[in-house]
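Secondary and tertiary structure notes
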Amino acid sequence: LRRWPLPGSQAPDDTTRWLLLGAAGTAGAYGLALLATPSGASAFWPWPVDVFHARMYASAFIAPAVAAFVLVRRCTAAELLILGAALAVFGTMSLAGMSWTHLAAPVERQVDFTTPGTALFVLMQTLLIGWGGALMARAAARGAMPALPDRTLRWFALGMGVAFVMAAVGGFVP
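Everything numeric here is computed off the predicted structure, so don't read it as measured data. (Residues numbered from 1 in each chain as written. Predicted model: local features only at pLDDT ≥ 70, side-chain atom pairs only at ≥ 80, totals over all residues. Heavy atoms only, no water.)

1. Structural notes on the environment of Ala77
Here Ala77 is to be found in helix α4 (residues 77-104). The sequence separation of Ala77 and Gln10 amounts to 67 residues, and the corresponding C-alpha distance is 9.0 Å. (Helix = DSSP H or I, 4+ residues; strand = E, 2+ residues; numbered from the N terminus.)

Dropping the structure here:
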């Protein structure tokens, strides 16, 4: 289906292409690592992650990686905006969930912000936020986004966005 050009789609410029390839490669590699070696790939997280949940988290990294890879050849501004927003929300909500849990947990179970593992986790989420912001900026540089034509579709899109945010927070709160 991607061989059928969408109205308004075009090949991304070099900067956008490298942003997409960077996001696809990094998120995809980490998602595959979570599938292949869940204990090792999640060992640095600020809380213990069992094998089952590590493999569940893999999909949260593989799905946007596949989306970014698909958009490398041709994409619309709206597709860049959606992927960018998803990455930015995912990274932001992961950090918010970690902070929320830290504040709610008893002292002995709080996140240790001095460990290299926690710093790596924060860096990983910050990269997702940065990639998301950069993709949204690239989408805005392409020009006007098409408006959603009908009120039902706008409410559906808003509901899906809220559901994604709730899943991101719920999935990363230990």
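Here the narrative resumes, following the displayed structure.
2. Notes on the side chain of Glu79
With respect to the secondary-structure elements, Glu79 resides in helix α4. At 2.8 Å, the side chain of Glu79 and the backbone nitrogen of Thr76 are in polar contact. (Polar contact = N/O pair within 3.5 Å; in protein donor to acceptor, adjacent residues only side chain to side chain.)

3. A word on the packing of aromatic side chains
Counted by the stated rule, this structure contains 7 aromatic pairs. Judged by centre distance (5.4 Å) and plane angle (70 degrees), the ring pair of Trp47 and Phe121 falls under edge-to-face. Pair noted here: Trp47 is in the loop between α2 (38-41) and α3 (51-71) and Phe121 is in helix α5 (residues 116-142), with a separation of 74 residues, a long-range link. Using a relative accessible area of 9% as the deciding quantity, one classes Trp47 as buried. Phe121 gets classed as buried once you look at its relative accessible area, which sits at 0%. Taking 5.4 Å as the distance between ring centres and 80 degrees as the angle between the ring planes, the aromatic pair formed by Phe61 and Phe90 counts as edge-to-face. Placement of the pair is Phe61 in helix α3 and Phe90 in helix α4, with a sequence separation of 29 residues. Phe90 shares its class with Phe61; the two are buried. Each residue in the set Tyr30, Phe44, Phe61 and Phe90 is aromatic and connected to the rest through ring pairs, giving one cluster. (Phe/Tyr/Trp six-rings, centres within 6.5 Å; stacked < 30°, edge-to-face > 60°. Buried < 20%, exposed > 50% of the residue type's maximum accessible area, 1.4 Å probe, protein only.)

4. Overview of the nonpolar core
By size, the foremost hydrophobic cluster in this structure holds 32 residues, and its most contacted members are Leu20, Tyr30, Leu34, Trp45 and Phe61. Broken down by secondary-structure element, the contributors of at least two residues to this core are α1 (14-36), α3, α4 and α5. (Core = buried A, V, L, I, M, F, W, Y, C linked by side-chain atoms within 4.5 Å.)

5. Some thoughts on the environment of Arg55
Mapped onto the fold, Arg55 is located in helix α3. Arg55 sits 20 residues away from Leu35 along the chain, and the two C-alpha atoms are 5.1 Å apart. Aside from chain neighbours lying at most four places away, what touches Arg55 is Leu34, Leu35, Ala36 and Pro38. (Contact = heavy atoms within 4.5 Å.)

6. Topic: α5
Taking 1.5 Å of rise per residue, the 27 residues of α5 would be expected to cover 39 Å, and the 39 Å separating its terminal C-alpha atoms lies within 8% of that figure. Listed as buried for α5 are Gly117, Thr118, Phe121, Met124, Gln125, Leu128, Trp131, Gly132, Leu135 and Ala139. On the buried face of α5, the contacting elements are α1, α3 and α4. Looking one or two residues past α5, Gly143 carries a phi angle of roughly 125 degrees, positive in sign. (Expected span 1.5 Å × (residues − 1).)

7. Section: a nonpolar patch on the surface
A contiguous nonpolar surface patch, about 370 Å² in accessible area, is contributed by Trp18, Leu21 and Phe69. As for its placement among the helices and strands, Trp18 is situated in helix α1. (Patch = residues over 30% accessible without salt bridge, like charges linked within 9 Å, V, L, I, M, F, W, Y side chains within 5 Å. Areas by Shrake-Rupley, 256 points an atom, 1.4 Å probe, with all protein chains shown as cover. Salt bridge = Lys/Arg side-chain N within 4 Å of Asp/Glu carboxyl O.)

8. A closer look at the pattern of salt bridges
Tallied over the full model, the rule gives 2 salt bridges. Of the charged contacts, one joins Arg138 and Asp13 as a salt bridge, the two residues approaching to 2.3 Å between their closest N and O atoms. Highlighted residues: Arg138 in helix α5 and Asp13 in the segment before α1, separated in sequence by 125 residues. Asp13 sits in the partly exposed class, given a relative accessible area of 36%. Of the charged contacts, one joins Asp14 and Arg17 as a salt bridge, the two residues approaching to 3.1 Å between their closest N and O atoms.

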